[in-house]
Amino acid sequence: MMIEAIKHRKSVRKFQEKAVEDQKLDEILEAARLAPSGNNKQPWFFIVIKDELLRHEVAAATNNQMWIASAPVVIVAIADICARSENYAGMFVDEETSGFDLKRAIRDTAIAITHMLLEIDNQGLGACWCGAFRQEGIRPVLGIPEDKFVLAVIPVGYPAEEPKARSRKILEEVIRHERW
């Protein structure tokens, strides 16, 4: 059942020194590609990093979380603001429009990342959604243009740990019926 897969997925921060097979990586990326998006804009890009030196540079740009570099693969998820805006012509038309387009691109890319994380777990791998970085710090490392928004750095590999489940709020704490 899908709920069991959702319950099983956890953030992994320790990885085995074992390569991720290309076929598994392709399935993970396919899961992200198939995610739904508003108006089918698919406003995402994914940079797949296997090079050890580049993984270290990305880890350093991610608030010096050097454990990230221990994963054999790092995927950087990027929201394409331009894909959401019909009015984009090299610069934002106005602050209100640009903020709305950014939020929609982030929302849609987050859906794709969630698909990816579930498929990573399904493939017997582990990952962690890392978001502790500054745009101006990570973009130059990977040559990402300023009109793109880096949403996540995701180290992927075979887990060297089995994280325990963390407590969650009970359903009654987060559900409202009909109105607030």
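Residues numbered from 1 in each chain as written. Predicted model: local features only at pLDDT ≥ 70, side-chain atom pairs only at ≥ 80, totals over all residues. Heavy atoms only, no water.

Regarding the confidence of the model for the protein chain
If pLDDT is low for a region, its predicted coordinates should not be looked at in detail.
Next, step 1: Summary statistics for the protein chain give a mean pLDDT of 91 and a share of 91% for residues scoring 70 or more.
Next, step 2: Note on residues 88-94: pLDDT under 50 across the span, and five contacts to partners over four residues away in sequence or across chains. (pLDDT = per-residue confidence, 0-100. Contact = heavy atoms within 4.5 Å.)

So, the environment of Gly-126
Next, step 1: Mapped onto the elements of the fold, Gly-126 is located in strand S3 (residues 126-127).
Next, step 2: Considering only alpha carbons, one finds Gly-126 and Pro-43, 83 residues apart in sequence, at a separation of 25 Å.
Next, step 3: If we ignore the near neighbours within four places in the chain, the residues touching Gly-126 are Val-12, Phe-15, Ile-120, Pro-155, Val-156, Gly-157 and Pro-159. (Helix = DSSP H or I, 4+ residues; strand = E, 2+ residues; numbered from the N terminus.)

Examining the sheet that holds strand S1 (residues 44-49)
Paired through backbone hydrogen bonds, the strands of a sheet run either parallel or antiparallel to each other.
Next, step 1: As summarised here, the arrangement of the four strands in space is S1-S2-S4-S3, forming an open sheet in which the pairing is antiparallel. Each edge of the open sheet is held by one strand with a lone partner, namely S1 and S3.
Next, step 2: Inspection of the sheet shows S1 paired to strand S2 (residues 73-80) by six bridges, in the antiparallel sense. Its bridge partner being in S2, Trp-44 is matched across the sheet by Ala-79.
Next, step 3: Sheet strands touched by helix H2 (residues 22-33): S1 and S2. Its angle to S1, the strand with the most contacts, is close to 165°. (Pairing = 2+ DSSP bridges. Axes fitted to C-alpha atoms, helices over the stretch in contact; angles between N-to-C directions.)

Some thoughts on H2
Next, step 1: Compared with the 16 Å implied by 1.5 Å per residue over 12 residues, the 16 Å span of H2 between its first and last C-alpha is a close match.
Next, step 2: Inspection of H2 places Lys-24, Leu-25, Ile-28, Ala-31 and Ala-32 among the buried residues, and these make up the whole buried set. Taken end-on, H2 shows its buried residues confined to a sector of 120°, consistent with a single buried face. In H2, the exposed residues that point more than 90 degrees away from the buried face are Gln-23 and Asp-26. (Expected span 1.5 Å × (residues − 1). Buried < 20%, exposed > 50% of the residue type's maximum accessible area, 1.4 Å probe, protein only. Arc of directions from axis to C-beta.)

Things to note about a nonpolar patch on the surface
Next, step 1: A cluster of nonpolar side chains, contributed by Met-1, Met-2, Ile-3 and Ile-6, occupies part of the molecular surface with about 470 Å² of accessible area.
Next, step 2: Mapped onto the fold, Ile-6 is located in helix H1 (residues 2-8).
Next, step 3: Classification of Ile-6 as partly exposed rests on a relative accessible area of 44%. (Patch = residues over 30% accessible without salt bridge, like charges linked within 9 Å, V, L, I, M, F, W, Y side chains within 5 Å. Areas by Shrake-Rupley, 256 points an atom, 1.4 Å probe, with all protein chains shown as cover. Salt bridge = Lys/Arg side-chain N within 4 Å of Asp/Glu carboxyl O.)

Regarding the nonpolar core
Next, step 1: By size, the foremost hydrophobic cluster in this structure holds 21 residues, and its most contacted members are Ile-75, Ile-113, Met-116, Ile-120, Leu-125, Ile-154 and Val-156.
Next, step 2: When contributions to this core are tallied by element, the ones reaching two or more residues are H2, S2, helix H5 (95-122) and strand S4 (148-157).
Next, step 3: Per-element tally for this core: the top contributor is H5, with five residues.
Next, step 4: In this structure, Ile-154 is in contact with Val-73, Val-74, Ile-75, Ile-113, Met-116, Leu-117, Ile-120, Ala-127, Cys-128 and Trp-129, ignoring residues within four places of it in sequence. (Core = buried A, V, L, I, M, F, W, Y, C linked by side-chain atoms within 4.5 Å.)

Observations concerning the pairing of S2
Next, step 1: Counting buried positions over the eight residues of S2 gives eight, a clear majority of the element.
Next, step 2: The side-chain alternation of S2 yields two buried faces, one formed by Val-73, Ile-75, Ala-77 and Ala-79 and the other by Val-74, Val-76, Ile-78 and Asp-80.

Some points on the pattern of salt bridges
Any two side chains of opposite charge can pair, given that their charged atoms come close.
Next, step 1: The full count for this structure, using the stated rule, is eight salt bridges.
Next, step 2: The salt bridge involving Glu-136 is made with Arg-134; its shortest N-O contact spans 2.7 Å. In terms of burial, Glu-136 and Arg-134 fall into one category: exposed.
Next, step 3: We note a salt bridge from Asp-147 to Lys-148, for which the minimum N-O separation is 3.3 Å. The pair formed by Asp-147 and Lys-148 is uniform in burial state, with each residue classed as buried.

So, helix H3 (residues 52-61)
Next, step 1: Three or more residues of H3 are buried, namely Arg-55, Val-58, Ala-59 and Ala-61. Along H3, the residues classed as buried sweep out an arc of 165° about the axis, all on the same side.
Next, step 2: Looking at the buried side of H3, the elements it contacts are S1, S2, helix H6 (135-142) and S4.
Next, step 3: Measuring from the backbone nitrogen of Leu-53 back to the side-chain oxygen at the start of H3 gives 3.2 Å, which picks out Asp-51 as the cap. (Polar contact = N/O pair within 3.5 Å; in protein donor to acceptor, adjacent residues only side chain to side chain.)

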